[in-house]
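One-letter residues, chain by chain:
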Amino acid sequence: MVDLTDLMDDEVFRAFASYATIIISKMMLMSATTAFYRMTRKVFANPEDCATLGKGENAKKYLRTDDRVERVRRAHLNDLENIVPFLGIGLLYSLSGPDPSTAILHFRVFVGARIYHTIAYLTPLPQPNRALGFLVGYAVTLSMAYRLLKSRLYL
Amino acid sequence: MVDLTDLMDDEVFRAFASYATIIISKMMLMSATTAFYRMTRKVFANPEDCATLGKGENAKKYLRTDDRVERVRRAHLNDLENIVPFLGIGLLYSLSGPDPSTAILHFRVFVGARIYHTIAYLTPLPQPNRALGFLVGYAVTLSMAYRLLKSRLYL
Amino acid sequence: MVDLTDLMDDEVFRAFASYATIIISKMMLMSATTAFYRMTRKVFANPEDCATLGKGENAKKYLRTDDRVERVRRAHLNDLENIVPFLGIGLLYSLSGPDPSTAILHFRVFVGARIYHTIAYLTPLPQPNRALGFLVGYAVTLSMAYRLLKSRLYL
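Residues numbered from 1 in each chain as written. Chains lettered and ligands numbered in written order. Predicted model: local features only at pLDDT ≥ 70, side-chain atom pairs only at ≥ 80, totals over all residues. Heavy atoms only, no water.

By the naming in an unreviewed UniProt entry, chain A is Microsomal glutathione S-transferase 1, taken from Saimiri boliviensis boliviensis.

**Overview of the overall build of chain A**
The line we're drawing: Helix and strand labels come from DSSP, where a helix needs a run of H or I of at least four residues and a strand needs a run of E of at least two; each type is numbered from the N terminus. C-alpha atoms define the radius of gyration in this analysis, and the globule rule sets the expected value at 2.2 Å times the number of residues to the power 0.38. Burial status follows relative accessibility: with a 1.4 Å probe on protein chains alone, a residue under 20% of its type maximum counts as buried, one over 50% as exposed, and anything between as partly exposed. Note on definitions: a residue-residue contact is assigned when non-hydrogen atoms from the two residues lie within 4.5 Å. Per-residue and other accessible areas follow the Shrake-Rupley method at a 1.4 Å probe size, with only the shown protein chains counted as cover for residues. The charged-residue count follows a simple rule in which Lys and Arg add positive charge and Asp and Glu add negative charge, with His and chain termini not counted at all. Where a charge lies is defined by one atom per residue type: Lys uses NZ, Arg uses CZ, Asp uses CG and Glu uses CD.
Counting secondary structure elements, chain A contains five helices and zero strands. Element order for chain A, N to C, with α for helix and β for strand: α-α-α-α-α. For a compact globule of 155 residues, the expected C-alpha radius of gyration is about 15 Å, and chain A comes in at 20 Å, more than 25% above that figure. In terms of its C-alpha atoms, chain A occupies a principal-axis envelope of roughly 60 × 45 × 30 Å. Relative to its full complement of 155 residues, chain A shows a buried share of 55%. Long-range pairs, those at least 24 residues apart, make up 71% of the contacts in chain A between residues at least 6 apart in sequence. If you sum the accessible surface of chain A, you get close to 6,700 Å²; carbon and sulfur atoms cover 60% of it. In chain A, the 19 positive side-chain charges and the 14 negative ones have mean positions that sit 10 Å from each other.

**Some thoughts on the UniProt feature "transmembrane region" (unreviewed entry) in chain A**
Our working rule: UniProt positions are given in the numbering used here, feature names are shortened, and annotations may be inferred rather than shown by experiment.
As annotated in UniProt, the feature "transmembrane region" (unreviewed entry) corresponds to residues 16-37 of chain A in the numbering used here. The span residues 16-37 of chain A shows a helical share of 100% and a strand share of 0%, and its end C-alpha atoms are spaced 32 Å apart.

**A closer look at the relation of the copies chain A and chain B**
Spelled out, the test is: A least-squares fit on C-alpha atoms brings the copies together, and the residues used are those whose pLDDT is at least 70 in both copies.
For the pair chain A and chain B, the best superposition has an RMSD of 0.0 Å and corresponds to a rotation of 120 degrees with a translation of 0.0 Å parallel to the axis. Interpreted geometrically, this transformation is the action of a three-fold axis. Among all residues of chain A, the minimum C-alpha distance to the rotation axis is found for A:Val84, at 4.3 Å. Of the residues that chain A buries at the interface, just 19% are likewise interface residues in chain B, meaning the two copies contact each other through different surfaces.

**Quick notes on the interface of chain A and chain C**
The accessible area lost on association of the parts is a frequent measure of interface size. The condition that has to hold: By buried area we mean how much accessible surface two parts lose on assembly, using a 1.4 Å probe and totalling the loss over both. Salt bridges, as used here, are contacts in which a Lys or Arg side-chain nitrogen is within 4 Å of a carboxyl oxygen on Asp or Glu. Pairing of N or O atoms within 3.5 Å defines a polar contact, subject to two protein rules: one partner must be a possible hydrogen donor and the other a possible acceptor, and residues neighboring in sequence count only if both atoms are side-chain atoms.
Every contact between the two is made by 38 residues of chain A and, on the other side, 37 residues of chain C. Taking both partners together, chain A and chain C bury about 3,100 Å²; carbon and sulfur atoms supply 69% of that area. Linking chain A with chain C are three salt bridges. Among the salt bridges present, the one from C:Glu48 reaches A:Arg71, with a minimum N-O distance of 2.8 Å. On the surface where chain A and chain C come into contact, there are eight residue pairs in polar contact (both at pLDDT 80 or more). Of all the elements, helix 3 (residues 67-94) of chain A adds the most residues to the side of chain A that touches chain C, at twelve residues.

**Topic: the side chain of C:Asp49**
Mapped onto the secondary structure, C:Asp49 falls in the loop between helix 1 (11-41) and helix 2 (57-60). Of the polar contacts made by the side chain of C:Asp49, one reaches the side chain of A:Arg130; its length is 2.8 Å. For C:Asp49, the contacting residues outside a window of four places in its chain are A:Gln127, A:Arg130 and C:Phe44.

**Some words on the nonpolar core**
Our working rule: Residues enter a nonpolar core if they are buried and are Ala, Val, Leu, Ile, Met, Phe, Trp, Tyr or Cys, with the set joined through side-chain atoms within 4.5 Å.
By size, the foremost hydrophobic cluster in this structure holds 104 residues, and its most contacted members are A:Leu80, A:Phe107, B:Phe107 and C:Phe107. Look past the residues within four positions of C:Phe107 in its chain and what remains in contact with it is C:Val12, C:Ala15, C:Phe16, C:Tyr19, C:Phe86, C:Tyr93, C:Ser94 and C:Met144.

**A few points about the relation of the copies chain A and chain C**
Once chain A is rotated about the relating axis by 120 degrees and shifted along it by 0.0 Å, it coincides with chain C to within an RMSD of 0.0 Å. A low fraction, 18%, of the interface residues of chain A reappear at the interface in chain C, so the copies pair through non-equivalent surfaces.

**Considerations on the pattern of salt bridges**
All names here are of chain A. Throughout the structure, instances matching the rule amount to 21 salt bridges over all chains. Residues Lys26 and Asp79 are paired through a salt bridge, measuring 2.5 Å at the closest nitrogen-oxygen approach. Here the residue Lys26 occupies a position in helix 1 (residues 11-41), and Asp79 occupies one in helix 3, the gap between them amounting to 53 residues. No difference in accessibility class separates Lys26 from Asp79, as the two residues are buried.

**Some points on a nonpolar patch on the surface**
Residue and element names in this part refer to chain A. Here is the rule: Two joining distances apply to patches: 9 Å for like charges and 5 Å for nonpolar side chains (Val, Leu, Ile, Met, Phe, Trp, Tyr), and every residue must have over 30% relative accessible area and no salt bridge.
Side chains of Leu105, Val109, Tyr116, Leu132 and Val136 sit close together on the surface and give an oily, nonpolar patch of about 400 Å² of accessible area. Counting residues per element, the ones that place at least two in the nonpolar patch are helix 4 (100-122) and helix 5 (129-152). You can call Tyr116 partly exposed: its relative accessible area is 31%.

**With respect to the side chain of A:Lys26**
On the basis of relative accessibility, which here comes to 12%, the residue A:Lys26 falls in the buried class. The residues contacting A:Lys26, other than those within four sequence positions of it, are A:Asp79, A:Arg114, A:Ile115 and A:Thr118.

**What to know about the packing of helix 3 of chain A against helix 4 of chain A**
Residue and element names in this part refer to chain A. Under the convention used in this document: Orientation is described by lines fitted to C-alpha atoms, with helices fitted over the stretch in contact, and by angles between N-to-C directions that extend from 0 to 180 degrees. Note on angle classes: values under 35 degrees are labelled roughly parallel, values over 145 roughly antiparallel, values of 65 to 115 roughly perpendicular, and the remainder oblique. Three classes are used, and their members are as follows: Ala, Val, Leu, Ile, Met, Phe, Trp, Tyr, Cys and Pro are nonpolar, Asp, Glu, Lys and Arg are charged, and the others, Gly among them, are polar.
Packing of helix 3 against helix 4 brings their axes to within 10 Å, and their N-to-C directions diverge by 175 degrees. Taken together, the axes of helix 3 and helix 4 lie roughly antiparallel to each other. Between helix 3 and helix 4, the residues in contact are Arg68, Arg71, Val72, Arg74, Ala75, Asn78, Asp79, Asn82, Ile83, Phe86, Tyr93 and Ser94 and Thr102, Ala103, His106, Phe107, Phe110, Arg114, His117, Thr118, Tyr121 and Leu122, respectively. Grouping the amino acids of the contact of helix 3 with helix 4 by side-chain chemistry returns ten nonpolar, seven polar and five charged.

**Observations regarding the interface of chain A and chain B**
Listed by partner, the interface residues are 37 residues for chain A and 38 residues for chain B. Summing the contributions of chain A and of chain B, the shared interface buries around 3,100 Å²; its carbon and sulfur component is 69%. Linking chain A with chain B are three salt bridges. Of the charged contacts in the structure, one is a salt bridge between A:Glu48 and B:Arg130, with a shortest N-O distance of 3.5 Å.

**Regarding helix 5 (residues 129-152) of chain C**
Operational definition: By this rule the span expected of a helix is its residue count minus one, scaled by 1.5 Å.
With 24 residues, helix 5 of chain C extends 35 Å from end C-alpha to end C-alpha; this agrees with the ideal 34 Å at 1.5 Å per step. All of the buried residues along helix 5 of chain C are C:Arg130, C:Gly133, C:Phe134, C:Gly137, C:Tyr138, C:Val140, C:Thr141, C:Met144, C:Ala145, C:Leu148 and C:Arg152. Lining the buried residues of helix 5 of chain C we find helix 1 (11-40) of chain B together with helix 3 (67-94) and helix 4 (100-122) of chain C.

**A word on unusual backbone geometry**
Omega for the peptide link from A:Thr123 to A:Pro124 comes to -15 degrees, which places this bond in the cis form. Tracing the sequence through the fold places A:Pro124 in the loop between helix 4 and helix 5. We note that B:Lys42 has phi near 50 degrees; this positive angle belongs to a residue other than glycine. Mapping B:Lys42 onto the fold places it in the loop between helix 1 and helix 2 (57-60).

Below you can see the structure in the form of structure tokens.
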């Protein structure tokens, strides 16, 4: 049997595992935030979710949208759209034998940029704060994609 | 050339591959379910999708939303939001040398919880059935993240 | 320390890395396309995004939806729903020791089908062009899932 823990002895891969786990956990917080606002603001998407709040028409009034909830949902979807590419490209890039300090710099900047993006989205901070968080994360992912394809392209 | 099939000789990794493939396939079923309801209920999001159902204003009436379709779409998005973290954290956790029986228990409970979540969402079952499915899957993913970071954190 | 670059010596894994990076980059283009249409058509989802376009009620009129923007967003979400399964199942399938020419054929057809899907969605081309792109990509992913489970199932 192969000793898989060898993979975790690799500095870059282990750093990727740590940063990826941190940013995925941050993304998961968005689910909890949505649930928190839905319950404290009584704003639901499904009839069964507000069944205990009243009967018939009385419950139906809670099936509505709310600016705060929609904002968190947009931030969550933006996370998905940007963190999925980071996970896919970042994993493959980590396995392509990059320079450790360059690779770890990419991971750190990405994680910082996405945390900043979330803060800017939920506060909300005036633009271009959120745009900056988005663009930095986007550029980091493209930089990893470029380095990976330049050194390892095989079609 | 490295013999990659070695990786699949690892008990945990092979179990992760099986459970991940099963839960991703379940998620893909949501696309088929959405398409099924869109076609049987004649509810479309794009003008070109209902062009064969009539001309001009006659076709436009099929560009609408429907409770059943929206419910499947919400279940699908919730799957994405929860299965992406499971795939990312679960893969890295599988490679971090966990105890096999603990790891496989995590995978089994997650897959069971998400299948239960889908059943509860689409039936729909009264709450807290769906909330329970969501929370169990969420807790399993966080437990893997915690174990991974505790043993392998490298920033 | 294990030499991870060995993994990239494997023909199938290296091909997967290349095709996955290409299709993820294509998906990331959808974010840029959405931003492009939002700015050129002045269609925003957040008040802070159009704060520089005017004050008070004057800015609020830009908080609207637009057919073109919604179409790109639907294409982007469809990408997420289909590319995430490809990344997860494709990675595991690549590591399961498949026949190289079969595996690479799967990757090529998937990437081609998803690029065709995007062209069909954004042009838009009449149906069944988009449906064909979707179905081919869907079938390729299920074929990889079937091959993986048939050879490596471990529950």
